[in-house]
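# An overview of the molecular structure
Listed below, chain by chain, are the residues.
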Amino acid sequence: MKNIAALIAAAALAGAGLTACGSPSSSNSASTTSSSAPILVGLAAPLTGSNPSEGKSEEAIAKDAVASINAHGGVHGRHLKLIIRDTGGVSPTGAVSAFESLSGAGVALVIGEYTSTNFQAGCTIAMAQHVVLIGHASATTGLTDGKTYCFRDAYQVSQSAGAMFETAKALHWNPIAIAADTTSFGVSEDTEFHALASHYGVKIATDVSWTSPASSLTAQVLRLAHSGAKAIFVGAASGPDVTLLAKTMAQAGVKIPLFGPGGINAPGVPAAAGSAYDSLSGVYDITSFDSAVPAAQAFMNKISKQTGIIQGGENPIQLWDAFQIAAAALAKSDGKGGLPLVNGLQALGKFHTLSGGPGTYVDFTASQHSGLFGPHLMTIYRWDAATKAFVPDNSLSKIADSSPGANG
Amino acid sequence: MNELAGAIVSSVFLGTALGLMALAFTIVYTVSQVFNFAVGQYMILGALLSTAVHFTASPGVNDLIAVVLVAAMGSATYLVALRWPETHGAKPLTLVIITFGVGIIIEQVAIMAWGSYPLSEPPILAGHFLLYGNLVPDQGLLLVAVAAVVVAGLGVAQRRTIVGKQFLALGANRATARYFGLNDLVLVTLAWGLSGAVLALAGTLYLPLTGVSITTDLSYGVGAFAAAVIGGLGNPGGALVGGLIVAFVTNLMGVYVNPNLTDLLTFGLLFVFLVFRPGGLTGNVADLVGPRA
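Residues numbered from 1 in each chain as written. Chains lettered and ligands numbered in written order. Predicted model: local features only at pLDDT ≥ 70, side-chain atom pairs only at ≥ 80, totals over all residues.

Bringing the overall build of chain A into the picture now. In terms of regular secondary structure, chain A is built from 14 helices and twelve strands. Within chain A, the proportion of its 408 residues that are buried is 63%. Within chain A, contacts between residues at least 6 apart in sequence are counted, and of these 72% link residues at least 24 apart. (Helix = DSSP H or I, 4+ residues; strand = E, 2+ residues; numbered from the N terminus. Buried ≥ 20, exposed ≤ 12 C-beta atoms within 10 Å, placed from the backbone. Contact = placed C-beta atoms within 7 Å.)

Here it is as structure tokens:
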């Protein structure tokens, strides 16, 4: 049924896109025809579908980011103009329509989408249409390796996975179980977990997966419950999926700790999964967002208040940073998209944004690493039942810093 | 043994819920030969209304109110969306597509109203006991007990009451039934309402065991359709058996083979029955493939 909805939406968007569609060169020239004309910047976000909380948050952050850049003079005096398109959630059809529509509208670049599956769909279009794409959440290096027009400003899967195994070693979690979805992100996490398990001498008791969005995780939880695992490593970006996993575990009386990046502390998850998290013997989130950085925490509080959705994880800040990075690169390309913007991005190097740290990590070639948000490579948060929130665990974060991935 | 016991327990509960949904499916089909593909949405809507609207402090009363509301919505669906096309020569396929549309509308409105994150519905019975290390919630036993009463009651009502017989007569040949004075508007509206009530009952009693999210609608809807086909359309007891078969096959294969195959297995089962035994275990082939009167 969701597919039918997606098809209808795709047809409507494709129709809209066709009216404005031109050749790759003509679409990029739209943003550069006049020195005073606004520079069009696109955002592809899941405003509908299975996770509209994410889209609502992204819309608010993007509007704030563009307003902030414009308030500071824009790009050489030219203002940015934001164009938002709905990807419809985990739906390559919807994502393709959204990216094509943005490309057809003549944007200099597109920012999004938060799921690796949709980012992948967008990257294909970016490469074909020569429109720069910056993914603000995709931790899978394979998505951007060798793709001239596709960029990420997220950490690498190997970095979070390495930090998780350091933590497992310190907490004597052996064996562990893996629960991952079948998106590119989930598969990358799963692959990385298996690769690192033997390196760390940690056994994998069981490995379960699901197709996102999940409808029932009863069978998966039964396998996890009787696996003898001391902790469950989660590879899932979808907040609703992780919430369902936690609730199913709580209902079945399974108390094994959950640990992972992405969905565990995605926007809206603490409110939705809080009671289930309380019943587990621990829930740990690993993220490049460090609440010890005052500006970053203030930003998160502001967006939480603005949207009414409790923000968590690194995605909100990475999205904000993506706009700052885009503005800086556009300044170098004189507002032009296409290859000049690619060159502008590659010339940026270290970049100071909200993170307040040594610079945001912008992955151009999968070999650059210039630090993340705070003093740690990855910050580990622990669910606190008393405050119903994730609190940073500095001792675990320090342990995680000894991961080989910390060196990039 | 622990894992097997867990799989059996969860299969019984899921199978009972799917059985109730299949029963709702079959009530509408018996009267009007229309496949209602919005069953998943109605089932979850019942639980959402009970949970998110929070009418009273009592989960049982909330469930009851939700059942009444969804029953009213079921009747309204027929009167508003289906009655006119049905009486103006629309083909059954058109009516089925309309039910798809109704489902999409319910899903999107529910997402706008309550989001897509699974909510926790408070159970009527909060207790539990352990069986081979597996938690068996009292709410699940309540679900099974209520389902048994509903299925038995509707089975008897279908054969022994005037309305039940009128339902069957209407389904067999609507033109003849109307000729003999049956009020098809009232009867079909009643059937849609009854179907909605059964769906809401399934949702409010089962979803406290799993979490309530409207985005799981399609999966439950397909499971219910498979259960109805396997059990045999038109047979309340068959619907329950069909639900249990779907749940046991998908859960056991999910636990022991690959948990990511559950939807595939549901479709596979449906495919096998549609090809080799379209009348299901207890139904008549004509129920599924015969011409519409």
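So much for the structure itself; the text now carries on.
Taking 1.5 Å per residue as the helical rise, helix α11 (residues 294-307) of chain A with its 14 residues ought to reach 20 Å, and the 20 Å between its terminal C-alpha atoms agrees with that figure. Contacts made by the buried residues of α11 of chain A are with α3 (52-71) and α12 (315-332) of chain A. (Expected span 1.5 Å × (residues − 1).)

Moving on, we come to the environment of Asp217 of chain B. Residues and elements named next belong to chain B. For Asp217, the location among the structural elements is in helix α9 (residues 217-231). For Asp217, a count of 25 C-beta atoms within 10 Å corresponds to the buried category. Spatially, the C-alpha atom of Asp217 lies 16 Å from that of Gly243, the residues being 26 residues apart in sequence.

Attention shifts here to the domain arrangement of chain A. All names here are of chain A. Split by domain assignment, chain A resolves into domain 1 (2-155 + 297-346) and domain 2 (157-287 + 375-407). Across the boundary between the two partners, domain 1 contributes 20 residues, which contact 25 residues of domain 2. Of all the elements in the fold, those that place two or more residues in the side of domain 1 that touches domain 2 are α3 and α5 (116-129). (Domains from an automatic or database assignment.)

Residue and element names in this part refer to chain A. Under the 1.5 Å per step criterion, the end-to-end length of helix α6 (residues 157-170) is 20 Å for 14 residues, consistent within 8% with the ideal 20 Å. Counting buried residues in α6 gives twelve out of 14 residues, a clear majority hidden from the surface. Three or more residues of α6 are buried, namely Val157, Ser158, Gln159, Ser160, Ala161, Gly162, Ala163, Met164, Phe165, Glu166, Thr167 and Ala168.

Residues and elements named next belong to chain A. With five of five residues buried, strand β8 (residues 231-235) lies mostly within the body of the structure. On β8, burial covers both faces: Ala231, Phe233 and Gly235 on one face and Ile232 and Val234 on the other are all buried. Bridging between strand β6 (residues 176-181) and β8 involves five bridges; their strand directions are parallel. Bridged to Ala177 within β8 is Ile232. Direction of pairing for β8 relative to strand β9 (residues 258-260): parallel, over a ladder of two bridges. Bridging from a neighbouring strand, Phe233 pairs with Phe259 of β9. Running through helix α9 (residues 239-252), the crossover from β8 to the neighbouring parallel element β9 is right-handed. (Pairing = 2+ DSSP bridges. Right-handed = clockwise from strand over helix to strand, strands pointing away.)

All names here are of chain A. Here we have five strands laid out as an open sheet, ordered β2-β1-β3-β4-β5, and parallel in their pairing. Only two strands of the sheet have a single partner each, and these edge strands are β2 (80-86) and β5 (150-152). Here the average twist between neighbouring strands, direction ignored, is 25 degrees. Along the sheet, α3 contacts β1 (39-45) and β2; its crossing angle with β2, the most-contacted strand, is approximately 170 degrees. Sitting on the sheet, α12 is in contact with β1, β2, β3 (109-111) and β4 (132-135), with an inclination near 165 degrees to β3. (Axes fitted to C-alpha atoms, helices over the stretch in contact; angles between N-to-C directions.)

Further remarks concern the environment of Phe119 of chain A. Residues and elements named next belong to chain A. Relative to the helices and strands, Phe119 is located in helix α5. Along the backbone, Phe119 and Leu217 are 98 residues apart, and their C-alpha atoms lie at a distance of 26 Å. Aside from chain neighbours lying at most four places away, what touches Phe119 is Glu113, Gly135, Ser138 and Leu143.

Residues and elements named next belong to chain B. When pLDDT is averaged along chain B, the result is 88, and 96% of the positions lie at 70 or above. Considering each helix and strand of chain B separately, the mean pLDDT is smallest for helix α12 (residues 285-289), with a value of 48, and largest for helix α8 (residues 184-206), with 96. This model gives residues 288-293 a pLDDT under 50, and the stretch forms ten contacts once residues within four places in sequence are excluded. For this predicted complex, the interface confidence comes out at an ipTM of 0.75, alongside a pTM of 0.74. (pLDDT = per-residue confidence, 0-100.)

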